[in-house]
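Chain and residue survey
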Amino acid sequence: MDPGTVSAIAAPASGPGLVRDLRLVARQLRYEQLAFWRNRTGALFTVGFSVIFLLLLSASGANQRSNVIGNLKIVQYYTPGFAAYGVMSACYNNLGIVLVVRRETGLLKRLRLSPIPTWVLFGAILASNAVIALVQVALLLLIGRFAFGVVLPDQWAALLLALLVGVVCFSALGVAISTVVPSQDSAGPIISLSFFVLLFLSGLWFPLKAGSSLAKISNYFPVHHLIVAFFAPFESKLGASPWAWGDLGTVAIWGAIATIIAVRRFAWEPRRH
Amino acid sequence: MAEPGATAVSVQGLRKRYGDLEAVRGVSFQVARGEVFGLLGPNGAGKTTAVEILEGFRGRDAGEVRVLGYDPASRPRALRERIGIVLQECAVEPYLTVREVLRRNASYYPAPRPVAEVAELVGLAAMADVKVAKLSGGQQRRLDVGLGIIGRPELIFLDEPTTGFDPTARRGAWDLVRSLSDGGATIILTTHYMDEAEALADRVAVIARGQIVAEGPPSSLGGRDVSEAKLRFRLPEDCSSTSLPVPVHEVGDLLEVATTDEVEVLHLLTGWSLAEGVPLLGLSVERLTLEDVYLRLTAGGDAGGTVGAPGALADGVPAGRSAERWTPAP
């Protein structure tokens, strides 16, 4: 390539204080997005997985109804469930692993040494997770609606709130879990295993029987509650409230605890020190 | 607050402890603006810790530190915008291209160098659209150097900038350091290579066991400019050394004369050689190298008189002297 064609002057973020930094968040967000979508494994595991599972599970019995879930079509159950999965996968599983890799390869140290403010960096990461979650939810809803005739929610605001709470709290959980993983090699096993065990316990693959011991256990963890919070806006036609305040509250408490752990334990340099 | 003065960095009584280990034990030094300052020392001597404190990455337990007039402990953004850092290990997002990474980092600074200029400077102009993951190790390190200088830093920290480079790449890196220095930047360089320190640094400090054990220009460090010179040669096998005009001692299969007046001794020896018709095979005159001085200064206790001998090197670091024999590719 001709060196002469290498870019024009990189425009610096300008404008006073906050405006400049918000612009910096937007720029950083762009590169976070590029890095996410170009990492095929991570993108496939997060976005592709939920789409494939929705297709497989629903195609195998899309129009059957289940008594366990209030005589709903099975696909009507799986669509919000996998939307919640997408949020959790992007924010907890993907972010957790990415942060460990960045820490252990020295990327975080480099960022720490650069002038970028910490809040700008984390703001961009959070925003990037929100974008991934939005794309994913939109994709699932489109597939659900047009392939399987899923009834979309009346209360979009309730779904958006669940999405927002999910992104923030599970991002905090992702940061928190990254601080307890000692090495790059153990990041995938520790984070993904904990994630899938909780998903299994939480009724993503099959609805939990109320009062069963699985339901009792999963009640203590945030995964089940986020799934319920995503489910509620779809369920409101049955007369229930679309706002799952109690479940969102539980997720928020987990998010708060995770934030405390994340802030206290966060490390910018490789653990092998 | 931040006063532009003649001093870029000033460190007084710096201390840092990790648990039971006191990594930095009362270090003091100053670096003038525009100076290239070399920090030498074995691994674990405390030089990385000291540098990381200056960079604002690590806090300190005691001491006064000023970097471009700022206390780095609070990591002021204005300071971070004015320094550039090249770490030993390169760390760049694998999924972004060279141009994207440079552009992104340029946006962190108020008045960055143009991306194209930086790509050119570090020899990556032709690779601008290649993803970082596809770059060779050397190219990634050069990109890292590019990120270190993209913000037009007044002060640049280079942590072992040429470790793992082939001789040609090393000379290229040295040229870059010189041109940055010519452009007015202050440079703090840590290195294991004595020839590198000698080639680049105006002044060096040697850190051992958390303290500075010597400081000065590389040419006179540890008194090497006034120390003894060593003359070495062999005699043909049938000749005895007893008839030589000066006392010698054997070092391996070589004869050695240590003297502070090598002109006189050379004159005696070569006069004798011509008069007797006995050649002085492989005659060489060597002064204490910077590496000799370094090894003497950093030896843990008694070095046993093996200073400068092969095998006496700590950490398996390649000898500076053997590096001098490397011939850069034309």
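As a convention, each chain's residues are numbered from 1 in the sequence order in which they are written. A letter from A marks each chain and a number from 1 marks each ligand, given out in the order of writing. Where totals are concerned, whole chains, interfaces and linings use all residues; where local detail is concerned, this predicted model gives features only for residues with pLDDT of at least 70, and gives and counts side-chain atom pairs only at 80 or more. As a convention, hydrogens and water are excluded, and side-chain values are obtained from all of the structure's heavy atoms.

1. A short note on the overall build of chain A
The helix and strand labels rest on DSSP assignments: H or I over at least four residues marks a helix, E over at least two residues marks a strand, and numbering proceeds from the N terminus. The number of helices and strands found in chain A is ten helices and two strands. Ordered by position in the sequence, the α and β elements of chain A form the string α-α-β-β-α-α-α-α-α-α-α-α. Buried residues are those whose accessible area, probed at 1.4 Å on protein chains only, stays under 20% of the maximum for their type, while exposed residues exceed 50% and partly exposed ones sit between those limits. Looking at chain A residue by residue over its 273 residues, the buried ones come to 53%. Contacts are residue-level and defined by heavy atoms, with any inter-residue pair within 4.5 Å sufficient. Partitioning the contacts of chain A with sequence separation of at least 6, the portion at a separation of at least 24 is 78%.

2. Here we look at the packing of aromatic side chains
Residues and elements named next belong to chain A. Within 6.5 Å between ring centres, the rings of Phe, Tyr and Trp (the latter by its six-membered ring) count as paired, and their orientation is classed by plane angle as stacked under 30 degrees, edge-to-face over 60, tilted in between. Summed over the entire model, instances satisfying the criterion amount to 21 aromatic pairs over all chains. With centroids separated by 5.1 Å and ring planes inclined at 80 degrees, the aromatic side chains of Phe266 and Trp268 adopt a geometry described as edge-to-face. Judged by its relative accessible area of 13%, Trp268 is buried. By the ring-pair criterion, three or more aromatic residues cluster together here, those being Phe45, Phe49, Phe53, Tyr77, Tyr78, Phe82, Tyr85, Tyr92, Phe195, Phe196 and Phe231.

3. Thoughts on helix H9 (residues 222-235) of chain A
All names here are of chain A. An ideal rise of 1.5 Å per residue puts 20 Å on 14 residues; H9 measures up with 20 Å between its terminal C-alpha atoms. Most of H9 is tucked away, with twelve of its 14 residues classed as buried. Looking only at H9, the buried set comprises Pro222, Val223, His224, His225, Leu226, Ile227, Ala229, Phe230, Phe231, Ala232, Pro233 and Phe234. For a helix, the expected span equals 1.5 Å multiplied by the residue count minus one.

4. Some details on the side chain of A:Glu32
When you line up the elements, A:Glu32 lands in helix H1 (residues 17-38). With sequence-adjacent residues up to four places away left out, A:Glu32 is seen in contact with A:Arg102, A:Leu121, A:Ala124, A:Ile125 and A:Ser128.

5. Here we look at helix H9 (residues 290-298) of chain B
With seven of its nine residues buried, H9(B) lies for the most part within the structure. All of the buried residues in H9(B) are B:Leu290, B:Glu291, B:Asp292, B:Val293, B:Tyr294, B:Leu295 and B:Thr298.

6. Notes on the pattern of salt bridges
For side chains of opposite charge, pairing can occur when their charged atoms come near one another. We define a salt bridge as a side-chain nitrogen of Lys or Arg found within 4 Å of a carboxyl oxygen belonging to Asp or Glu. For the structure shown, the criterion picks out 27 salt bridges over all chains. The closest approach of N and O atoms between B:Arg232 and B:Glu256, which form a salt bridge, is 2.7 Å. Placement of B:Arg232 in strand S10 (residues 229-234) and of B:Glu256 in strand S12 (residues 254-259) is noted, with a sequence separation of 24 residues between them. Of the two residues examined, B:Arg232 and B:Glu256, each falls in the buried class. One salt-bridge network, in which partners are shared between bridges, spans A:Arg20, A:Asp21, B:Arg77 and B:Glu81.

7. Observations concerning the confidence of the model for chain B
Per-residue confidence from the predictor is given as pLDDT, running between 0 and 100. Scored by pLDDT, chain B comes out at a mean of 85, with 89% of its residues at no less than 70. Low pLDDT, under 50, characterises residues 301-330 of chain B; the predicted model gives this stretch 31 contacts beyond four residues in sequence or across chains.

8. Side note on the interface of chain B and chain A
Each partner contributes residues to the interface: chain B has 42 residues there, and chain A has 37 residues. Each of two parts loses accessible area, computed with a 1.4 Å probe, when they are put together; buried area is these two losses added. Summing the contributions of chain B and of chain A, the shared interface buries around 3700 Å²; its carbon and sulfur component is 57%. Where chain B touches chain A, the interface holds six salt bridges. A salt bridge links A:Glu269 to B:Arg58; the nearest nitrogen and oxygen atoms lie 2.7 Å apart. If you tally residues by element for the side of chain B that touches chain A, the top one is helix H3 (residues 98-106) of chain B, at five residues. Class assignment of the residues belonging to the side of chain B that touches chain A gives a composition of 22 nonpolar, three polar and 17 charged. Note that Gly is not counted as nonpolar here; it falls among the polar residues with everything else outside the nonpolar set of Ala, Val, Leu, Ile, Met, Phe, Trp, Tyr, Cys and Pro and the charged set of Asp, Glu, Lys and Arg.

9. Structural notes on the pairing of strand S9 (residues 211-216) of chain B
Residues and elements named next belong to chain B. Examined bridge by bridge, strand S8 (residues 203-208) and S9 share five bridges and lie antiparallel to one another. Across the sheet, residue Ala208 finds its bridge partner in S9, namely Gln211. Strand pairing follows a simple DSSP-based rule, namely that at least 2 bridges must link the two strands. What sits between the antiparallel neighbours S8 and S9 is a turn of two residues, in which Arg209 has the positive phi angle 45 degrees.

10. Considerations on the packing of helix H5 (residues 118-148) of chain A against helix H6 (residues 156-180) of chain A
All names here are of chain A. As a rule, the C-alpha atoms of each element are fitted with a line to give its axis, helices using only the stretch in contact, and angles between N-to-C directions run from 0 to 180 degrees. Following both chains from N to C, one finds H5 and H6 inclined at 135 degrees, their axes separated by 10 Å at the closest point. As judged from the angle between their axes, H5 and H6 are oblique. Regarding H5 and H6, the two cross each other, and that crossing is right-handed. Counted together, Phe122, Leu126, Asn129, Ala130, Ala133, Leu134, Val137 and Leu141 of H5 and Trp156, Leu159, Leu160, Leu163, Val167, Val168, Ser171 and Val175 of H6 form the full contact between these two elements. Tallied by class, the residues present in the contact of H5 with H6 amount to 14 nonpolar, two polar and no charged. Roughly parallel here means an angle under 35 degrees, roughly antiparallel means over 145, roughly perpendicular means 65 to 115, and every remaining angle is called oblique. With the far helix as reference, a near helix turned anticlockwise by less than a right angle produces a left-handed crossing, and one turned clockwise produces a right-handed crossing.

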